[in-house]
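# Residue-level structural notes
Chain by chain, the residues:
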Amino acid sequence: MPEIKVTPLGAGQDVGRSCILVSIGGKNIMLDCGMHMGFNDDRRFPDFSYITQQGRLTEFLDCVIISHFHLDHCGALPYMSEMVGYDGPIYMTHPTKAICPILLEDFRKITVDKKGETNFFTSQMIKDCMKKVVPLNLHQTVQVDDELEIKAYYAGHVLGAAMVQIKVGSESVVYTGDYNMTPDRHLGAAWIDKCRPDILISESTYATTIRDSKRCRERDFLKKVHETVERGGKVLIPVFALGRAQELCILLETFWERMNMKAPIYFSTGLTEKANHYYKLFITWTNQKIRKTFVQRNMFEFKHIKAFDRSYADNPGPMVVFATPGMLHAGQSLQIFKKWAGNEKNMIIMPGYCVQGTIGHKILNGQKKLEMENRQTLEVKLQVEYMSFSAHADAKGIMQLIRMAEPRNMLLVHGEAKKMEFLKDKIEQEFTINCFMPANGETTTVITNPSVPVDISLNLLKREMALGGPLPDPKKPRTMHGTLIMKDNSLRLVSPEQALKELGLNEHQLRFTCRVQYRKTEFTIFIVFSSSYLVKAWLVLKGYTIQHLPDGTVMVESIVIKVSSSAEEPNTKVLLLSWSYQDEDLGSFLSTLLKKGLPSGLSSM
Amino acid sequence: MKLYCLSGHPTLPCNVLKFKSTTIMLDCGLDTTSVLQFLPLPLVHSPRLSKLPGWVSKDGTINLEKELKECAGRVFVDSQPEFCLPEKELLDLSTIDVILISNYHCMMALPYITEHTGFTGTVYATEPTLQIGRLLMEELVNFMERVPKAQSATCWKYKEIQRLLPGPLKDAVEVSTWKRCYSMQDVNSALSKVQLVGYSQKVELFGAVQVTPLSSGYSLGSSNWIIQSHYEKVSYVSGSSLLTTHPQPMDQSSLKNSDVLILTGLTQMPTANPDGMLGDFCSNLAMTIRAGGNVLVPCYSSGVIYDLLECLYQFIENANLGSTPFYFISPVANSSLEFSQIFAEWLCHNKQSKVYLPEPPFPHAELIQTNKLKHYPSIHGDFSSEFRQPCVVFTGHPSLRFGDVVHFMELWGKSSLNTIIFTEPDFSYLDALAPYQPLAMKCVYCPIDTRLNFHQVSKLLKEVQPLHVVCPEQYTQPPPAQSHRSDLMLELQPPPMPYRRCSVLGLPFRRRWERIQLLPEVGPVATHLSDVSILLIFSQPPIVQVLPLKKMREACSAVFILSLPSQHGITEVKVEETADGHILHLQAEDTLIQLEEDGTHIVCDDNEPLRTALRDLVLRFLMKL
């Protein structure tokens, strides 16, 4: 039986270094190629040696698809393509293609220039890697080769995020990447049609969370920022340069405008302006409202938000600073955090998920003393707030997507094992479909039941249609008879006669003949009987045609009834009854009838 | 399969394809050349136009002085301009299932088709086509509603009267279908029926037909369409271009293997080279400005104007025109310029890679930033105070019958320093200028039409090899003005099937196959016979067509002889060889089994259980084969 295999190399019962291998219809596809924020060693990247111990990956992979520009989904891409070696196509959407190299370069700089690591990918490798990228448009069907096709759907989450459908023949897999089922201030909601994939591979970051309404969270956020600023405190919001940052900027910008606030808002990285520019140029990827009004007012031109300079961190008075990166694991956000952590007037708002091992994760778990480099400890006095603004689908959203796509099987990745377990039970209960949650390196195999495409001759189809009246009844299945010819790798369904003709063969006829002998008197009775109203009426009622041929033969359909005299016994008449297998039912009924007389229950037949 | 042709205009087509019980409309172009028969709609009161004499026939029997005015030796209709609609009588428009739009110029009749006709279908178009199409419709409505004209002229349309009118009014065709412009409400309602599609997206219609838009290289989001089932393929080629301008290049290879290719939207200027015209445009513009005159460019608000601005961006520095103001005046000027920058996915490779930097794909962003190009919704308001001469003005409508261009014609027409440069190919410039004569202003005609020319199209057709080509009849003969140019027509083998307005063509198709899906549960059983495989489908009741092997006879007899006696207590089987096979005689039962290559005949008189046993045996055996 045909089967689809899914093996996560990363993001199996874990968040980080998303990388999932799919084998479908003889094709191998790599979905995402990310890095893990929580590790600084080999575990940072997916284990590509699973695919091959030596040599390049090109011959083992038909294509690589990147769902969006977050580093945990594309951070290992130059390593994979340039250092391990892969020359095939890499698919991603236009915005992802535009933004991905910038984030990769950022990542490289932090790792190589700041941390001093060697044996890392170079700027040139990022460029070479991006040359292998083929841009994807939404809903466009891209033919990777003759059999493999992929199609991207809008995923929300961040600018350019996509879900992908991978299809070979009638088998298909959908990979969601990260997605968001509720529209936010700058992006729309994920959408997919009822494509009924064999497997739906979904992220499950918020598998157990059902978040309160967005509006409440926003109000809460603004209230906290407002209170802190009012009492003269500083607010640090660690973010990634693109994504949540823009949403929160829009939120604060409108709030500042409305409340006529004076405290400065800064954005820490030089990337911002550039980032906002991407949003302006890819406005077709944002939500309906922004798209509709962008000619009059571009939401990504901020009046109140200004560029941050390192020296501002020591300025007195309240301020709000957006700083990268979002998990406090390095860079400017960490530096500012160190400066402000000691003052209880200040506040840090973590607007997204933090991977284990990062400082962000530690302070969210209530750790009050942090061990920094050089054995120093840092006391955390400032208020720590967590506010889930990261645009992942929550449990409700995941269920909603399942309802939309109607998959035959479900597979969870990009989440914590415990939470997955809970969601898995829920999915299996509610949808009665199998739900898998393989760990990294573990293969899930799903048996598929693909239908077989067959070409049917239009003549045959029309003939069958004619038999069933003018309109086919979609509610009633009907058998049709035809011969399937398998030739030159194609399947064709034709009428039996045509098949015989095409193959130069003769039909094998199966005929039966019965002889019934009557004495003359009996025979007269029979004649009277067979022409009796009852029998005829029954035959006609059942729609059989009765023909009387000139030589005295009677034909009911193809059944021949012939009367002859016996040579030996002149007083006996012989009745020959002959039928082919096609009329077996009627033939055997008639032969019984002629031999035994009318069964008592005939009138009710 | 049939094709109903509702428009006779080769570049503004409107055809309906009936294919596998779906009814598909291909484009709905609006023929606006009819507006040339009308007087211009001035934005500010024009003493000249208001004093024109009414028209009375020479013998005085027909007096239409309220409806028709004489101007510069020609007669014009004095009412709100009207458009020539696609034919509505040939086909019930409510039966249309879908409308496929190929580019924003070919959708201007959409509200006439989808509104007040009982239409309940879906319209498919790409996002740029929808957005820019909406702008063009908005602009058209705005132009008309800004200058309301209560009067609607109808008398001149009566056949008996029309034939007595002076030309070219006398020769105007289909005047009974001419209609006034739709309202914004109709536009919004019509466009709400549009479903967005992307290039190469496969859209299933009712499970019967698949339609796919392909990049056509002509304008932002412009597409050709493939309409196909598993065995038949129709390609619909509308405005397409092979030149390197701003849109994504044309996808040619996907048009291959078409049974029928419907070819519309070729260039209207087969002898004018777009690059040469662009050069003429720049040099004439520079010459006029240097001499202290103004330049008027009547144009649509989207399309070639982007290329003109890009060309000027490079040109003005070299030509020392850096200080000359460029104005773009249209109710949708700002939107058009803004929208052009956000459709990176639909642009040519060069422009696409600019967005990755990130920079705006079109250089007019820089022209606006440096204040070299200014845009205004109309001549009223800010423009009147900020406007400096000499200058260059881009404005619509290219027919010179409505829009802000009318005002500039009145303003600048009297001075020979000024120049009007026609770049749009849709209107004859002499007809466009007719109501403004006599003019002192210089006229330059540089029509830029990037659509396929005859040379390119014959090369394309050689490449994609369609079995049959359907095209407007205009393409099957040289243009009337250049009847000796046999290179300006389509010459194909087999010859193209021409259509005209109201034609109904039967397309040459022989459908022989249909694709079905065999459920895995049906369980076909494979049987291998020497060189071919045959599958038997078993149904209830099992009726099986069996194909025998040569060896069947021997095998068959053997099976009977071996298995019968043991199972049914048959003691004696007599085997008799015949020419074609064997006869088995079960003597005790008085039963004969005749085995031949193409048939088995069981003669069994009064023993039904034996007969059925034999029957099943034969069947089982045949199935095993």
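Residues numbered from 1 in each chain as written. Chains lettered and ligands numbered in written order. Predicted model: local features only at pLDDT ≥ 70, side-chain atom pairs only at ≥ 80, totals over all residues. Heavy atoms only, no water.

Looking up chain B in an unreviewed UniProt entry gives the name Integrator complex subunit 9, with the organism given as Oncorhynchus tshawytscha. Its UniProt record gives chain B a comment under Sequence similarities (unreviewed entry), which states: "Belongs to the metallo-beta-lactamase superfamily. RNA-metabolizing metallo-beta-lactamase-like family. INTS9 subfamily." (UniProt positions renumbered as here; feature names shortened; annotations may be inferred.)

Going by an unreviewed UniProt entry, chain A carries the name Integrator complex subunit 11 and comes from Oncorhynchus tshawytscha. For the record of chain A, the UniProt heading Cofactor (unreviewed entry) holds the text "Zn(2+)". According to the UniProt record, the Sequence similarities (unreviewed entry) comment for chain A reads "Belongs to the metallo-beta-lactamase superfamily. RNA-metabolizing metallo-beta-lactamase-like family. INTS11 subfamily."

## Digging into the overall build of chain A
When helices and strands are tallied, chain A shows 17 helices and 30 strands. Out of the 605 residues belonging to chain A, those deemed buried represent 54%. The long-range share in chain A, meaning contacts at least 24 apart out of those at least 6 apart in sequence, stands at 70%. Of the roughly 27100 Å² of accessible surface on chain A, 51% is carried by carbon and sulfur atoms. (Helix = DSSP H or I, 4+ residues; strand = E, 2+ residues; numbered from the N terminus. Buried < 20%, exposed > 50% of the residue type's maximum accessible area, 1.4 Å probe, protein only. Contact = heavy atoms within 4.5 Å. Areas by Shrake-Rupley, 256 points an atom, 1.4 Å probe, with all protein chains shown as cover.)

## A look at the packing of aromatic side chains
All names here are of chain A. The tally for this structure, following the rule as stated, stands at 34 aromatic pairs over all chains. Residues Tyr266 and Tyr312 carry aromatic rings whose centres are separated by 4.7 Å and whose planes lie at 45° to one another, so their mutual orientation is tilted. Residue Tyr266 is located in strand 13 (residues 265-267), and its partner Tyr312 is located in the loop between strand 14 (305-307) and strand 15 (319-323); the two are separated by 46 residues in the primary sequence. With 5.5 Å between their ring centres and 20° between their planes, Phe267 and Phe322 make a pair best called stacked. Of the two residues, Phe267 is situated in strand 13 and Phe322 in strand 15; the sequence distance between them amounts to 55 residues. When sorted by exposure, Phe267 lands in the same class as Phe322, which is buried. Counting every residue linked through ring pairs, the aromatic cluster contains Phe45, Phe48, Tyr79, Phe107, Phe120 and Phe121. One Lys or Arg, Arg44, reaches over the ring of Phe45 and ends 5.5 Å from the middle of that ring. (Phe/Tyr/Trp six-rings, centres within 6.5 Å; stacked < 30°, edge-to-face > 60°. Lys NZ or Arg CZ within 6 Å of the ring centre and 35° of its normal.)

## Some thoughts on the nonpolar core
Counting residues in hydrophobic clusters, the biggest one holds 276 residues, and the most contacted among them are Ile201, Phe221 and Phe337 of chain A together with Leu110 and Phe394 of chain B. Element by element, the count of residues in this core is highest for helix 3 (residues 127-146) of chain B, at nine residues. Not counting the four nearest positions on each side in its chain, Phe221 of chain A is found in contact with Ile237, Leu248, Leu251, Leu252, Ile349, Met387 and Phe389 of chain A. (Core = buried A, V, L, I, M, F, W, Y, C linked by side-chain atoms within 4.5 Å.)

## With respect to the sheet that holds strand 21 (residues 442-445) of chain B
Two modes of strand pairing occur in sheets, parallel and antiparallel, and in both the strands are linked by backbone hydrogen bonds. Residue and element names in this part refer to chain B. Overall, parallel pairing links the six strands, which are arranged 18-17-19-16-20-21 in an open sheet. With one partner strand each, in any of the chains shown, strand 18 (373-376) and strand 21 form the two edges of the open sheet. Averaged over all neighbouring strand pairs, the angle between strand axes comes to 20°, with direction disregarded. Here strand 16 (residues 295-298) runs beside strand 20 (residues 419-422); their pairing, made up of two bridges, is parallel. Residue Leu296 lies in a different strand from strand 20, and its bridge partner there is Ile420. (Pairing = 2+ DSSP bridges. Axes fitted to C-alpha atoms, helices over the stretch in contact; angles between N-to-C directions.)

## A closer look at the UniProt feature "domain: Beta-Casp" (unreviewed entry) in chain B
Mapped onto this numbering, the UniProt entry gives "domain: Beta-Casp" (unreviewed entry) at residues 305-433 of chain B. Overall, residues 305-433 of chain B shows 41% helix and 12% strand. The separation of its end C-alpha atoms is 21 Å.

## Details of helix 12 (residues 417-431) of chain A
Residue and element names in this part refer to chain A. Relative to the 21 Å expected for 15 residues at 1.5 Å per residue, helix 12 spans 20 Å between its end C-alpha atoms, a close match to the ideal helical length. Where helix 12 is concerned, the buried positions are Met420, Leu423, Lys424, Ile427 and Phe431. Angular distribution of buried residues about the axis of helix 12 spans 110°; they occupy a single face of the element. Exposed and facing more than 90 degrees away from the buried side of helix 12 are Lys418 and Gln429. (Expected span 1.5 Å × (residues − 1). Arc of directions from axis to C-beta.)

## Focus on the packing of helix 3 of chain B against helix 5 (residues 184-191) of chain B
Residue and element names in this part refer to chain B. Contact pair helix 3 / helix 5: the axes reach a minimum separation of 10 Å and the direction vectors enclose 165°. On the basis of the axis angle, helix 3 is roughly antiparallel to helix 5. Crossing handedness for the pair helix 3 and helix 5: right-handed. Where helix 3 abuts helix 5, its residues Leu130, Arg134, Met137, Glu138, Val141 and Glu145 lie against Met184, Val187, Asn188 and Leu191. Residues that form the contact of helix 3 with helix 5 fall into these classes: six nonpolar, one polar and three charged. (Parallel < 35°, antiparallel > 145°, perpendicular 65-115°, else oblique. Left-handed = near helix turned anticlockwise from the far one by under 90°. Nonpolar A, V, L, I, M, F, W, Y, C, P; charged D, E, K, R; others polar.)

## Here we look at the sheet that holds strand 7 (residues 141-143) of chain A
All names here are of chain A. One open sheet holds the seven strands; their spatial order is 7-8-9-10-11-20-21, and the pairing between them is mixed. Lying at the two open borders of the sheet, with one neighbouring strand each, are strand 7 and strand 21 (434-436). Taking the axes of each pair of neighbouring strands and ignoring which way they run, one obtains an average angle of 20° across the sheet. Pairing of strand 9 (residues 162-168) with strand 10 (residues 171-175) involves five bridges; the strand directions are antiparallel. When the bridges of strand 10 are listed, Val168 appears paired with Glu171. The strands touched by helix 11 (residues 395-405) are strand 9, strand 11 (199-203) and strand 20 (409-413); relative to strand 11, the strand with the most contacts, the crossing angle is about 160°. With respect to the sheet, helix 12 is in contact with strand 20 and strand 21, its orientation differing from that of strand 20 by roughly 165°.

## Regarding unusual backbone geometry
Residues and elements named next belong to chain B. Of the consecutive residues Gln437 and Pro438, the connecting peptide bond is found in the cis state with omega at -5°. Within the element layout of this structure, Pro438 appears in the loop between helix 13 (429-433) and strand 21. For the bond running from Gln493 to Pro494, omega is -5°, close enough to zero to count as cis. Its place among the elements puts Pro494 in the loop between strand 22 (468-472) and strand 23 (497-499). One non-glycine residue, Glu174, lies in positive phi territory at about 55°.

## Some thoughts on empty space enclosed by the protein
All names here are of chain B. Counted according to the given criterion, the structure contains seven cavities of 30 Å³ or more. There is about 370 Å³ of room inside the largest cavity. Lining the largest cavity are 29 residues, with His105, Tyr218, Tyr300, Glu424 and Asp426 sitting closest to its centre. Of all the elements in the fold, those that place two or more residues in the lining of the largest cavity are helix 3 and helix 7 (304-318). With three residues, the top contributor of residues to the lining of the largest cavity is helix 3. (1 Å grid on protein atoms, 1.4 Å probe; cavity = no way out; pocket = protein on both sides within 12 Å on 5 of 7 lines; lining within 4 Å. Points joined across faces, edges and corners; volume = space filled by probe spheres on them.)

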